[in-house]
Amino acid sequence: MSLTKVYSFATNDKVSQALGEFIAHASSEAIARSGRFTIAFSGGSLPATACKYLRDNQSIDFSKWYVFFADERCVKLDSHDSNFRLVREELLDHLVQQSRSIPADQVMVINDDLIQEPPKVADDYLVKMQSVFAESNKIKFPEFDLILLGIGPDGHTCSLFPNHQLLEVKNEWVASIEDSPKEPPQRITLTLPVVNHARKVAFVVTGAGKKSTVKAILDEKNAHMPASLVAPIKGDSFWFLDDAAAKGLTENTPTDFKL
C-alpha cells in the first residue's frame, strides 16, 4: 500500500535543505540498487527549491543520473518557458563549473526542432524514455526512482489539468497537449500511470496561496484535482511544504522529517 508522508518547514530555505537531503538519499539508494538514478523534474519554482543545496552536495555521484522532465513546454530549449532551461540554470550549469557534470546524453530533453507538432515531440520523447527504461512492448511502464512535482491552484500537476481527457490515458507513457489552460498551450507530459509507477513521488509546495489546494488534496481527497490521483502503486509519496502551505491541514498533519 502506498505511503504518504507530509513534512512542513518554517521557511522555503528549510524546505530546500530537507529536499536536497531527500534527493541525495534517494540517489544513493538507487545507485546502490541498480547503478543509476532516474529522476524527473517539473518546472515552475521547483528546480530552484530542489537544487539550491543539492548542487553543492559532494556526496552525490551525478555521473549516474538520468534526468527527465515530468512535463515540458513545446518551446525552444533556451526559452524562458522551458523547464529544461530552469534545471540547466539551477543545477546543470553549476555541475559543469564544478567538473561534476551529468553526461549530456543522460539529460533527456525534447527535440525542439519538432515543437510545431506536439504529438511528434511526445513520440520522440517516448523513444528517449525507451532508451533508458526498455521498450514499451517489453515493460508496461517505466519505474522512475523519483519524480518531483509541483501543483497549481487548480490542483494540476505535470501538465495534467482538471477535467482533461489526458487524465483518462491508460497505456501511454508520454502524451501531448495542445489546449493547456495555462500558457503556453502546447506541451508534453508524463501520464498518470507513469507517475503512479514511480518508486518515489515528491510534491514540493510553498506559499500561503497554495494552502487551500493542499488541504483539498491531502485532507479532502478532491478527485477533481489531478494531484489527488497521484498514488504510487508500489512506491511512496512525500509532500515537502512550508508552514504557510501546510496551515489548515487536519487529517494529514505534518510529521518530523527524517530519512
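Note that this is a predicted model, so its numbers are computed, not measured.

### Here we look at the overall build of the protein
Assigned secondary structure in the protein consists of 7 helices and 9 strands. Taken over C-alpha atoms, the radius of gyration comes to 17 Å for the protein, in line with the 18 Å a tight globule of 259 residues would show. In terms of its C-alpha atoms, the protein occupies a principal-axis envelope of roughly 45 × 45 × 35 Å. Within the protein, contacts between residues at least 6 apart in sequence are counted, and of these 77% link residues at least 24 apart. Within the structure as shown, the protein displays about 11600 Å² of accessible surface, and the carbon and sulfur contribution to it stands at 49%. Looking at the protein, you have 28 positive and 34 negative side-chain charges, and the mean spots of the two groups are 5 Å apart.

### Describing the pattern of salt bridges
Using the criterion set out here, one finds 14 salt bridges in the structure. In this structure, glutamate 89 engages arginine 88 in a salt bridge whose closest nitrogen and oxygen atoms are separated by 3.8 Å. A salt bridge links aspartate 219 to lysine 215, with the nearest nitrogen and oxygen atoms 2.9 Å apart. What you see here is one network of salt bridges that share partners, running through Arg85, Arg88, Glu89 and Asp93.

### Examining the nonpolar core
Counting 88 residues, the largest nonpolar core has Ile23, Phe41, Trp65, Phe144, Leu148 and Phe240 as the members making the most contacts within it. Residues contacting leucine 148, with those up to four places away along its chain left out, are Leu19, Ile23, Ile39, Ala40, Phe41, Ser42, Leu46, Ala50, Ala70 and Ala202.

### Quick notes on the environment of alanine 50
With respect to the helices, strands and loops of the structure, alanine 50 is situated in helix 2 (residues 46-54). We classify alanine 50 as buried; its relative accessible area is 0%. Between the C-alpha atoms of alanine 50 and glutamate 89, which are 39 residues apart in sequence, the distance is 12 Å. Apart from residues no more than four positions distant in its own chain, alanine 50 is found in contact with Leu19, Gly20, Ile23, Phe41 and Leu148.

### Structural notes on the packing of helix 2 against helix 3 (residues 83-97)
Direction vectors running N to C along helix 2 and helix 3 enclose 15 degrees, while the axes themselves pass 9 Å from each other. Our classification of the angle between helix 2 and helix 3 gives roughly parallel. Classified by chirality, the crossing of helix 3 by helix 2 is right-handed. Residues Pro47, Ala48 and Cys51 of helix 2 form the contact with helix 3, whose participating residues are Leu86, Val87, Glu90 and Leu91. Here the contact of helix 2 with helix 3 is built from residues that sort into 6 nonpolar, no polar and 1 charged.

### Some thoughts on the sheet that holds strand 9 (residues 236-242)
If you walk across this open sheet you meet the 6 strands as 1-9-8-5-2-3, and the pairing is parallel. Each edge of the open sheet carries a strand with a single partner, namely strand 1 (4-9) and strand 3 (65-69). Along the sheet, successive strands turn relative to each other by an average axial angle of 20 degrees, direction set aside. Where strand 2 (residues 37-41) and strand 5 (residues 146-149) come together, 2 bridges link them in parallel fashion. Bridge pairing links isoleucine 39 to leucine 146 in strand 5. Together, strand 1, strand 8 (200-205) and strand 9 form the strand contacts of helix 6 (residues 211-218), whose direction differs from that of strand 9 by roughly 155 degrees.

### Some details on the packing of helix 1 (residues 12-34) against helix 2
Viewed as axis vectors pointing N to C, helix 1 and helix 2 meet at an angle of 70 degrees, and their least axial separation amounts to 7 Å. Between helix 1 and helix 2, the angle is such that the two are roughly perpendicular. Helix 2 is crossed by helix 1, and the crossing has right-handed handedness. Contacts from Asn12, Asp13, Val15, Ser16, Gln17, Leu19, Gly20, Ile23 and Ala24 of helix 1 reach helix 2 at Thr49, Ala50, Lys52, Tyr53 and Leu54. Looking at side-chain class alone, the contact of helix 1 with helix 2 contains 7 nonpolar, 5 polar and 2 charged residues.

Conventions adopted
- Residues numbered from 1 in each chain as written.
- Predicted model: local features only at pLDDT ≥ 70, side-chain atom pairs only at ≥ 80, totals over all residues.
- Heavy atoms only, no water.
- Helix = DSSP H or I, 4+ residues; strand = E, 2+ residues; numbered from the N terminus.
- Rg over C-alpha atoms; globule rule 2.2 N^0.38 Å.
- Contact = heavy atoms within 4.5 Å.
- Areas by Shrake-Rupley, 256 points an atom, 1.4 Å probe, with all protein chains shown as cover.
- Lys, Arg positive; Asp, Glu negative; His and termini not counted.
- Charge placed at Lys NZ, Arg CZ, Asp CG, Glu CD.
- Salt bridge = Lys/Arg side-chain N within 4 Å of Asp/Glu carboxyl O.
- Core = buried A, V, L, I, M, F, W, Y, C linked by side-chain atoms within 4.5 Å.
- Buried < 20%, exposed > 50% of the residue type's maximum accessible area, 1.4 Å probe, protein only.
- Axes fitted to C-alpha atoms, helices over the stretch in contact; angles between N-to-C directions.
- Parallel < 35°, antiparallel > 145°, perpendicular 65-115°, else oblique.
- Left-handed = near helix turned anticlockwise from the far one by under 90°.
- Nonpolar A, V, L, I, M, F, W, Y, C, P; charged D, E, K, R; others polar.
- Pairing = 2+ DSSP bridges.

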